[in-house]
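Below, each chain spelled out in residue letters.
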Amino acid sequence: MNSHVKMTDLQSTDLSRRSFLVGAAASGLMLGYSAVPDAFAATAPAGNFEPSVWYSISPDGLVTVTCGKADMGQHIASTMAQIVCEELGAKWSDMRVQLASNDPKFNDPVLGAQITGGSWSTMMNFDAMSRAGAAGRIALTEAAATIMGLPPYFKDELVVRESMISHPKSKKQVSFADVVKSGKATKTFTPDDLKAIKLKTPDQYSLIGVSVPQIDIPSKTNGTAKYGIDVMLPGMVYGKIVTPPVRYGATVKAVDDTDAKKVPGFIKAVIVDDKTQTTTGWVVAVANTYAQARKAADALKITYDGGPNAKLSSQSLLDEAKRLQGLDDSGQFFVKNGDTAAAFGTAAKTMEAEYTTNINIHAPMEPMNATAEFKGDILHIYSGNQFATRSGAIAAGAAGIDPKYVVMHQMWLGGGFGRRLDADMMVPAVQAAKAVGKPVKVIYSRENDMTMDFSRPLTYQKIKAGLDGDGKLVALNHDVVSAWPTARWGIPDFLTPSVDKRGPLDSFTVNGADFFYTVPNHNVRAIKNEMAHNATPSGQLRSVAPGWTFWAVESMIDEIAHSVGKDPALYRVELLDGKGENDGGAQRLRNTLLAAMGLAGYGTKQLAKGEGMGVACVSSQERKTASWTACVAHVAVSPSGEVTVKKLTVATDVGTQVHPDNIRAQVEGAALWGLSLALYEKATLKDGGIEQTNFDSYKPLRMSQLPEVAVSVIANGEHATGVGEPAVTVVAPAIGNAIFNAVGARVRSLPITAAAVKEAMKA
Amino acid sequence: MVTLNINGRNMSVEAANDSPLLWAIREQLQMTGTKFGCGAGLCGACTVHVNGEAVRSCQTAVGDVVGKKVTTIEGLSAHGDHPLQKAWIAEQVPQCGYCQSGQIMQAASLLAKNTNPTKDEIVAHMDGNLCRCMTYSRIQKAIMRAANEMRTASNSATERRAT
């Protein structure tokens, strides 16, 4: 099980920032931020009431929540404010949000670091934000009793609602603003005090479960929201990076800036010397304006040594993956239950299949950028980033200073999707700022952004299944070969011990393969494709491993069901029997699948020739942090193999809904990402470089490709789960399975192309 | 020095005639609502109006808009209350929000000519604007909502004139 998730008892988490120094912070990457006095100017002004590190209330009654999570469109800042507001009893229109610096006091209470991903934020912060809100309410209420001249034992008679504290019996009332102005709210809470607070039960909620207007949305309709790319500092100049034709491993042999010097405004060409090894062979053209920096960059003549990866292609990576999978001793085991070898020996039938996914690129709409400024001993970084704890350390490494002297200023993220977990953009900004002695904003061109993405890796999976005489699945071997995105971080706590005790493995390549189906003999082997790992440094792309593991598992289950003449959906229901450690999760997933089937009219709707429905169900993201998501895809396939997705019906069990409308927005966006990855997005490696450079060759879904999407949310009162990623993972297998039901063509590679479908139709 | 008319005001920018309008707006005038997305006219994030027509400012040279009226998201309405901006809030369209200035400006050029667009007309007009968060269905709904408001407003204006 993944060691970074320590949440066996969510209720026991508390607000003590010292109690949760696990994860990155425990492995030597903790920023000694607090050693820098007054490094972050935006501390609350005197006179504010700060019952918790997470928010303050000003004398005018406005409540400003500091969000330690990166907000990349999931409205997590607003969600944190909503959870605080529920327990605090404030009026929603009084709530404001600000984004946290990298001060460790804003670390995630469960993860002990500032990292945003994994669909973790709501589930891991719900309790801490609730307690913070409740603590504020208690402190304000006690102060209000004093102001009203009521004895302390009257405080239970006080009602807190809409930023107002009232005493119905005496008809007295006082506003939050007046309490703060009075200066009488001074109660402090120890971690034990916080733990002892009795939180509201769901039936007492008045705000959780309500689709309040998101706080950040107005600023995103009038141009005022500030993203990293919008940062303007006095005296700032601009950097445009020039990146080599090889994704990783190239070195700069020589830079001729003769022509660049003729470009007005050109300042300097800076060869990046990256001791953090995040980048290789980069040069920054620095100029007074970005337009000039682009011109100067184009005018630089750079010669490279392409390095060890310069001849590699997608085909080489795939060939290497197949070679590694064929070796008995490669990889480590993530799951090893029962004895698959013995079970295959006695199985009535065995089946094998290979599944692949191509390289995928994040391509958020805001290209990577960072602004660096040295002020005295302090390095200030302005950038929208998902992993301040590690990124600050990378920036420090690029500057050659101690991480405790780096202050990260968080901005709104113009899309994240996992891309901004990486800190490559900080390296050229820092080194350019150092070289020219001025603040520098580095902005990637789209071409830089695409060819230097920390991509979803090319993956190769092989599954062998064994069935008994009744067609029951009794054994499964599942090998997953890929680059290891999370191992690249070098943070031991984010790795997982292998069950065969052969050292840690990157569970972010195999999560999902430890599914909730009951299969008595089950192996999952994680195999690192070292060649791909070196040539295509991979990253966490929205949903990470479940984006490929469920493509394989959910396709294979379908193949098995068809081979034994059973309905694939009902075959899944049988496998989700909830036995042993699958108890609980399996039943929730089964119910979700049945809900999706009912909503889509699976098995009841009459379909035209060439049309079909396919199902898939997933427990993304990790076993410990699962949501329960099912999809029925309805497709039409033309004789030439062209696939049209007519409708995606998605049901998802999220436990508790904080914001129903936002959940629907996230699930729909995630499902459409799944569609985009399933049919439209493909990157390829050639001569060591990514061939796709802009949106003409790498093609995310556009409006004209939008199918009907029906989202149903199941909220059964369990803990709130994440919703930003799981629906990504369920769509591709549902579409593949629908294609099979429509025309009998089985496709096993993503993205699905018309040619592949046509080929499979002939087979 | 080049003088541009942006959002109804004449402003001087120091930019070469052949340099992209996008960077002059963002850096020189520090109006950062107009976004850089692809630099190649493929995504629509940088959409502004030139004499009322939606154009990609990354593909438009500063010298080509001299003497013309340029409108950016900051100038679309006085108080962020263009029917489209109100509809974008009502439908809670933006997720990351980065593409939305461009989406709104692109949609505004449609509704300026046609306040009763069909869904197909909306798709045809908006297909060049990428949204990586995939908010497309809400964008469609918001355009429909804004169109409806604009029709209602112009109907009542007509009625008022009639009486």
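Residues numbered from 1 in each chain as written. Chains lettered and ligands numbered in written order. Predicted model: local features only at pLDDT ≥ 70, side-chain atom pairs only at ≥ 80, totals over all residues.

Chemist: Even after reading the chapter, I still don't get the overall build of chain B, so can you show me in this structure?
Modeler: Looking only at helices and strands, chain B has five helices and five strands in total. Overall, chain B shows an N-to-C arrangement of helices and strands of β-β-α-β-β-β-α-α-α-α. The globule rule puts the C-alpha radius of gyration for 163 residues at 15 Å, and the 16 Å found for chain B is close to it. C-alpha extents for chain B along the principal axes are approximately 50 × 40 × 25 Å. Taking all 163 residues of chain B together, 55% fall into the buried category. (Helix = DSSP H or I, 4+ residues; strand = E, 2+ residues; numbered from the N terminus. Rg over C-alpha atoms; globule rule 2.2 N^0.38 Å. Buried ≥ 20, exposed ≤ 12 C-beta atoms within 10 Å, placed from the backbone.)

Chemist: Can you walk me through helix α1 (residues 21–28) of chain B in this structure?
Modeler: Residues that lie three or four places apart on an α-helix share one face, since the helix turns once every 3.6 residues. Among the eight residues in α1 of chain B, seven count as buried, and that is most of the element. Among the residues of α1 of chain B, those classed as buried are L21, L22, W23, A24, I25, R26 and E27 of chain B. The inward-facing, buried residues of α1 of chain B contact α5 (290–299) of chain A together with β1 (2–6) and β2 (9–13) of chain B. Immediately downstream of α1 of chain B, the backbone of Q30 of chain B shows phi near 55 degrees, a positive value. (Contact = placed C-beta atoms within 7 Å.)

Chemist: How should the interface of chain B and chain A be read in this particular structure?
Modeler: Often, the extent of an interface is quoted as the loss of accessible area upon association of its parts. Residue-level contacts link 41 residues of chain B with 45 residues of chain A. Secondary structure elements with two or more residues in the side of chain B that touches chain A: α1, α2 (83–90), α3 (100–111), α4 (119–126) and α5 (136–162) of chain B.

Chemist: Any chance you could explain helix α9 (residues 426–436) of chain A here in plain terms?
Modeler: Residue and element names in this part refer to chain A. Counted residue by residue, α9 has eight buried out of eleven residues, so it is predominantly covered. Restricting attention to buried positions, one finds in α9 the residues M426, V427, P428, A429, V430, Q431, A432 and A433. G437 sits one or two positions beyond α9 and adopts a positive phi of about 70 degrees.

Chemist: What's the story with the domain arrangement of chain A in this structure? I'm lost.
Modeler: Residue and element names in this part refer to chain A. We note that the domain assignment places domain 1 (10–219), domain 2 (228–308 + 368–443) and domain 3 (316–359 + 455–762) within chain A. With centres defined by C-alpha atoms, the gap from domain 1 to domain 3 works out at 38 Å. In this assembly, 25 residues from domain 1 lie in contact with 23 residues from domain 3. Listing elements by their share of the side of domain 1 that touches domain 3, those giving two or more residues are α1 (76–88) and α2 (121–148). Of the residues in the side of domain 1 that touches domain 3, the class split is twelve nonpolar, 13 polar and no charged. (Domains from an automatic or database assignment. Nonpolar A, V, L, I, M, F, W, Y, C, P; charged D, E, K, R; others polar.)

Chemist: What is the right way to look at the sheet that holds strand β11 (residues 283–287) of chain A in this model?
Modeler: All names here are of chain A. Spatial ordering of the open sheet is given by β10-β11-β8-β18-β15-β16-β17, a layout of seven strands whose pairing is mixed. Unpaired on one side and paired on the other, β10 (266–271) and β17 (406–410) mark the two borders of the sheet. Taking the axes of each pair of neighbouring strands and ignoring which way they run, one obtains an average angle of 25 degrees across the sheet. Bridge count for strand β16 (residues 378–383) against β17 is five bridges, and the pairing is parallel. Looking at the pairing, L379 lines up with V406 of β17. Those strands touched by helix α8 (residues 388–399) are β16 and β17, and its axis lies near 130 degrees from that of β17. Against the sheet, α9 makes contact with β8 (237–242), β10, β11, β15 (369–375), β16 and β18 (440–443), and its axis sits at roughly 35 degrees relative to β15, the strand it touches most. (Pairing = 2+ DSSP bridges. Axes fitted to C-alpha atoms, helices over the stretch in contact; angles between N-to-C directions.)

Chemist: When you look at the sheet that holds strand β26 (residues 643–653) of chain A in this model, what are you seeing that I'm missing?
Modeler: Strand pairing in a sheet relies on backbone hydrogen bonds. The paired strands run either parallel or antiparallel. All names here are of chain A. Sheet architecture is open: four strands sit in the order β24-β25-β26-β29, paired in mixed fashion. The open sheet is flanked by β24 (611–618) and β29 (708–714), the only strands paired with a single partner. With strand direction ignored, the average angle separating the axes of adjacent strands in the sheet is 15 degrees. Alignment of β26 against β29, held across seven bridges, turns out to be parallel. Residue pairing across strands places K647 opposite E708, the latter belonging to β29.

Chemist: Even after reading the chapter, I still don't get the environment of G61 of chain A, so can you show me in this structure?
Modeler: Structurally, the position occupied by G61 of chain A is in the loop between β2 (55–57) and β3 (63–67). If sequence neighbours within four positions are ignored, G61 of chain A has contacts with D94, S163, S175, F176 and A177 of chain A.

Chemist: Hey, could you run me through the domain arrangement of chain B in this one?
Modeler: Residue and element names in this part refer to chain B. Each assigned domain of chain B is listed with its residue range as follows: domain 1 (2–75) and domain 2 (83–162). Its C-alpha centre places domain 1 at a distance of 22 Å from the equivalent point of domain 2. Opposite the 15 residues of domain 1 that make contact, domain 2 presents twelve residues. Counting only elements with at least two residues in the side of domain 1 that touches domain 2, the list comes to β3 (47–50) and β4 (53–56). Per-element tally for the side of domain 1 that touches domain 2: the top contributor is β3, with three residues.

Chemist: Can you help me understand the confidence of the model for chain B in this one?
Modeler: The predicted structure's coordinates, where accompanied by low pLDDT, should not be read in detail. The pLDDT averaged across chain B works out to 95; a share of 96% of its residues lies at or above 70. Interface predicted TM-score (ipTM) for the complex: 0.97; the corresponding pTM is 0.94. (pLDDT = per-residue confidence, 0-100.)

Chemist: How should the pairing of β3 of chain A be read in this particular structure?
Modeler: Each regular strand displays side chains that alternate between the two surfaces of the sheet. Residues and elements named next belong to chain A. Here β3 lies mainly inside the structure; four of its five residues are buried. Note that β2 and β3 share three bridges and pair antiparallel. Residue pairing for β3: I57 is matched across the bridge by V63. Hairpin geometry of β2 and β3 is characterised by an intervening segment of five residues between the two adjacent antiparallel strands and by a positive phi of about 90 degrees at G61.

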